[in-house]
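If you want the building blocks of each chain, they are given just below.
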Amino acid sequence: MKLKSFVVLLSLAAIITATAPTFAAGGGELEHANVNVRDTAAAQRGAQLFVNYCMACHGASYMRYGRLAADLDLSEDTVMKNLVFGDAKIGDTMKTAMQPDDAVKWLGKVPPDLSVIARSRGVDWLYTYMTTFYQDASGGWNNKVLPNASMPHVMWQLQGIQKPVYVTDEAGIETVDELVLHRAGLETPEEYEETVRDLVTFLAYLSEPAQLQRKSIGIWVLLFLAFFTMIAYLLKVEYWRDVH
Ligand code: HEC
């Protein structure tokens, strides 16, 4: 490949990677989730939050409880005791008990499966979504990154209740500028941020369970390549000795 086309290709790749999260975000400012998917303790806490607060409505139907146990260093016993409700078995997928018909009746919409939500929305979007629920003038829940979401703020007892401060632009359009804590929750704002980080860590793991293995295999592949390069070099020196 010519140098020029290589440079063009490289800058194209840079542009695509730089703008990718913006596409997923759909505008608006996002908080940084700062999740580390290899933090198994955080993912374990996140799994507990997920079954307690989300699975009444959302499933993660690509994930089996048994796989969860293996990946997150939990015994099958612990998983059965703490994470499995109802009559589900260790080999079952994480299905929600909510029936689609009931969901439409109660919420107006079927809550989406969250198996790969971290890949479609990105972790920063999820983190911002779970931290920016607020109570609007009607007294109902609203959300800064998903306006008029039909999902209630399910962790409001932990976070407390936020109220919006609006700004009006030149065109007279009102938007939410910032959210202020109106009524304290069981957790401090810092603790709640950690809670959401744990939850998003779990969702990030969920969206690509193989990444844990893939990343550790990657290190060995790179080490092997470095080692092999050295051998190849030594071999080359050896072969060329006779030629010179
Ligand atoms: C009472 C039922 C209910 C519970 C419990 C619930 N959700 Fe939702 N959720 C919904 C509904 C309904 C929607 C669809 C919202 C919309 O599009 O207006 C939704 C949407 C979402 C979305 C946005 C999906 C998208 O891309 O548009 C995410 C992310 C989400 N929920 C995460 C969670 C998490 C994480 C929890 C647990 C902490 C949770 N939900 C608990 C009902 C629920």
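These notes cover the structure that comes with them. (Residues numbered from 1 in each chain as written. Predicted model: local features only at pLDDT ≥ 70, side-chain atom pairs only at ≥ 80, totals over all residues. Heavy atoms only, no water.)

## Quick notes on the site of the ligand
(1) Moving on: Taken together, 21 residues lie near the ligand, and C54, C57, H58, R121 and M151 sit nearest.
(2) Moving on: At 2.8 Å from an oxygen atom of the ligand is found a side-chain nitrogen or oxygen belonging to R121.
(3) Moving on: When contributions to the shell around the ligand are tallied by element, the ones reaching two or more residues are α2 (40–54), α6 (117–121) and α7 (123–131).
(4) Moving on: Examining the composition of the shell around the ligand, we find that 4 residues originate from one element, α7, more than from any other. (Near = heavy atom within 4 Å. Polar contact = N/O pair within 3.5 Å; in protein donor to acceptor, adjacent residues only side chain to side chain. Helix = DSSP H or I, 4+ residues; strand = E, 2+ residues; numbered from the N terminus.)

## A look at the nonpolar core
(1) Moving on: Core analysis: the largest hydrophobic core is formed by 42 residues, its most contacted members being F50, L68, M94, F202 and Y205.
(2) Moving on: When residues of this core are traced back to their parent elements, those giving at least two are α2, β1 (60–64), α3 (65–71), α6, α7 and α9 (189–207).
(3) Moving on: Here the element with the most residues in this core is α9; it accounts for 9 residues.
(4) Moving on: Those residues in contact with F50 that lie beyond four places of it in its chain are M55, H58, G59, A60, M94, L114, L199, F202 and L203. (Core = buried A, V, L, I, M, F, W, Y, C linked by side-chain atoms within 4.5 Å. Buried < 20%, exposed > 50% of the residue type's maximum accessible area, 1.4 Å probe, protein only. Contact = heavy atoms within 4.5 Å.)

## Let's talk about the coordination of the iron atom of the ligand
(1) Moving on: Binding of the iron atom of the ligand to the protein goes through H58 (NE2) and M151 (SD), at separations of 2.0 to 2.1 Å.
(2) Moving on: In this structure, the iron atom of the ligand is surrounded by 6 donor atoms whose angles at the metal cover 88 to 179 degrees, and the resulting shape is octahedral. In this pair, H58 is assigned in the loop between α2 and β1 and M151 in the loop between β4 (141–143) and α8 (156–159), connecting sequence segments 93 residues apart. (Donors = N, O, S within 2.8 Å, 3.2 Å for Na, K, Ca; no water. Tetrahedral: all angles 85-135°; square planar, octahedral: opposite > 155°, others 65-115°.)

## So, a negative patch on the surface
(1) Moving on: On the surface, E29, E31, E190, E191 and E193 cluster together to form a negatively charged patch.
(2) Moving on: Mapping E190 onto the fold places it in helix α9. (Patch = residues over 30% accessible without salt bridge, like charges linked within 9 Å, V, L, I, M, F, W, Y side chains within 5 Å. Areas by Shrake-Rupley, 256 points an atom, 1.4 Å probe, with all protein chains shown as cover. Salt bridge = Lys/Arg side-chain N within 4 Å of Asp/Glu carboxyl O. Lys, Arg positive; Asp, Glu negative; His and termini not counted. Charge placed at Lys NZ, Arg CZ, Asp CG, Glu CD.)

## Quick notes on the environment of V165
(1) Moving on: If you trace the backbone, V165 turns up in strand β5 (residues 160–168).
(2) Moving on: Distance from V165 to V176, taken between C-alpha atoms, is 5.9 Å for residues 11 residues apart in sequence.
(3) Moving on: If we ignore the near neighbours within four places in the chain, the residues touching V165 are T175, V176, D177, E178 and V180.

By themselves these figures say nothing about function.
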